[in-house]
Amino acid sequence: MVHIYLKNLKKSWLTGIVPPVVIIAFVGTIALGWPSMQELILQRLETMDNPIMKAIIGDLGISGLGATWEAALFMYAGGTMNILLLFVAIFIPARLLSTEIDKNTFDIMLSLPIPRWRYLLEKFSVYLTYSLFIPISMVGIMLGATSFLGESLTTSLVLNYSLGYFILLFALGAISLLCATIFLDSSKSLAAAGLVIGGQYFLDSMGGMLAAIGNFEALSLFNYFSLGAIQEAGMLPIGEIIIVVSIGIVALTSALLIFHKREFAI
């Protein structure tokens, strides 16, 4: 029943494990260096409350955490997660179909005795499965490093932040997949996904610097599930969950319908 899913799950294992390994290695390195570099790292926290830094890596929302291990952890890990979110959501879903064309296997895919939408859904499910490993690894290494150092960390904050991260991976990945079904070409799909998703990242990161852009921050999915919003609500804001999940469902449904109904000349 899920042959396509299982086949691609096995085939994509290397690509799937790289982001979690990056997170584990990065946070692990911070933890190992914390005892000797604590003062220097905490000094760097002061530079993060800066419009230029927010424009580069986004507003991490760490101002309410103070000069603590928790703030330092989210400063480094959160910044890395933002960059991973940007690249994973753009490059993987946008190439789910174009790789078939590049490898000249698209005609074989079209001849499979299953609906086209199901084929695409199973491939996208592989992306979601490996995407789930990213927040899981983040929770594990954050809590593990904190316990190892004997520091304090708000578990609910980490869990909610990780859940929000996965929801964003779903919604942004669905948008990237929609671009893939529209263009069916590696360069065009990546360019479109990069423009749409990268543009949202630009709106969110530059909104704090330019008032004119700040008025449109709500159009960026990167503006949702911020650490500050989670702190204030004590959980993921329900309204933001509805907005982001709804956008993801609409984008995914549109991608499945377009792929299922369009005519192909292969």
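The structure this text deals with has already been given above.
Calculation criteria
Residues numbered from 1 in each chain as written. Predicted model: local features only at pLDDT ≥ 70, side-chain atom pairs only at ≥ 80, totals over all residues. Heavy atoms only, no water. Helix = DSSP H or I, 4+ residues; strand = E, 2+ residues; numbered from the N terminus. Buried < 20%, exposed > 50% of the residue type's maximum accessible area, 1.4 Å probe, protein only. Areas by Shrake-Rupley, 256 points an atom, 1.4 Å probe, with all protein chains shown as cover. Axes fitted to C-alpha atoms, helices over the stretch in contact; angles between N-to-C directions. Parallel < 35°, antiparallel > 145°, perpendicular 65-115°, else oblique. Left-handed = near helix turned anticlockwise from the far one by under 90°. Contact = heavy atoms within 4.5 Å. Nonpolar A, V, L, I, M, F, W, Y, C, P; charged D, E, K, R; others polar. Core = buried A, V, L, I, M, F, W, Y, C linked by side-chain atoms within 4.5 Å. Phe/Tyr/Trp six-rings, centres within 6.5 Å; stacked < 30°, edge-to-face > 60°.

A. Representation of the overall build of the protein chain. A tally of regular secondary structure across the protein chain gives 12 helices and 0 strands. Secondary structure elements of the protein chain occur, N-terminal to C-terminal, as α-α-α-α-α-α-α-α-α-α-α-α. The buried share of the protein chain, taken over its 266 residues, is 48%. Carbon and sulfur atoms make up 68% of the accessible area of the protein chain, which amounts to about 12,900 Å² in all.

B. Representation of the packing of helix α4 (residues 69-91) against helix α9 (residues 186-206) in the model. Orientation of α4 relative to α9, taken along the N-to-C sense of each, is 150 degrees, at an axis distance of 9 Å. By the angle between their directions, the pair α4 and α9 is classed as roughly antiparallel. Judged by the sense of rotation from one axis to the other, the crossing of α4 with α9 is right-handed. Counting all contacts with α4, which are made through Asn82, Ile83, Leu86, Ala89, Ile90 and Phe91, the residues of α9 involved are Leu190, Ala193, Gly194, Ile197, Gly198 and Tyr201. Split by residue class, the contact of α4 with α9 holds 9 nonpolar, 3 polar and no charged.

C. Here's a closer look at the environment of leucine 256. Relative to the assigned elements, leucine 256 resides in helix α12 (residues 238-261). A relative accessible area of 14% places leucine 256 in the buried class. Between the C-alpha atoms of leucine 256 and threonine 181, which are 75 residues apart in sequence, the distance is 8.0 Å. Those residues in contact with leucine 256 that sit more than four places away from it in its chain are Trp117, Leu120 and Leu121.

D. Geometry of the environment of serine 131. Inspection of the secondary structure puts serine 131 in helix α7 (residues 116-149). For serine 131, a relative accessible area of 2% translates into the label buried. Linking serine 131 and isoleucine 167, residues 36 residues apart in sequence, is a C-alpha distance of 9.8 Å. Contact partners of serine 131, with chain neighbours within four places excluded, come to Phe166 and Leu169.

E. Structural view of the nonpolar core. Core analysis: the biggest nonpolar cluster contains 70 residues, and Trp69, Phe74, Phe124, Met142, Ile197, Leu221 and Val244 have the highest contact counts within it. Only α2 (13-48), α4, α7, α8 (155-183), α9, α11 (227-233) and α12 provide two or more residues apiece to this core. In terms of residue count, the dominant contributor to this core is α8 (14 residues). In this view, leucine 221 contacts Leu168, Ala171, Leu172, Ile175, Gln200, Val244 and Ile247; residues no more than four positions away in its chain are not counted.

F. Quick look at the packing of aromatic side chains. According to the stated counting rule, one finds 7 aromatic pairs in the structure shown. Ring plane angle 70 degrees and centroid distance 5.0 Å describe the contact between tryptophan 34 and tryptophan 69, whose orientation is recorded as edge-to-face. Of this pair, tryptophan 34 sits in helix α2 while tryptophan 69 sits in helix α4, placing them 35 residues apart in sequence. A single burial state applies to tryptophan 34 and to tryptophan 69, both of which are buried.

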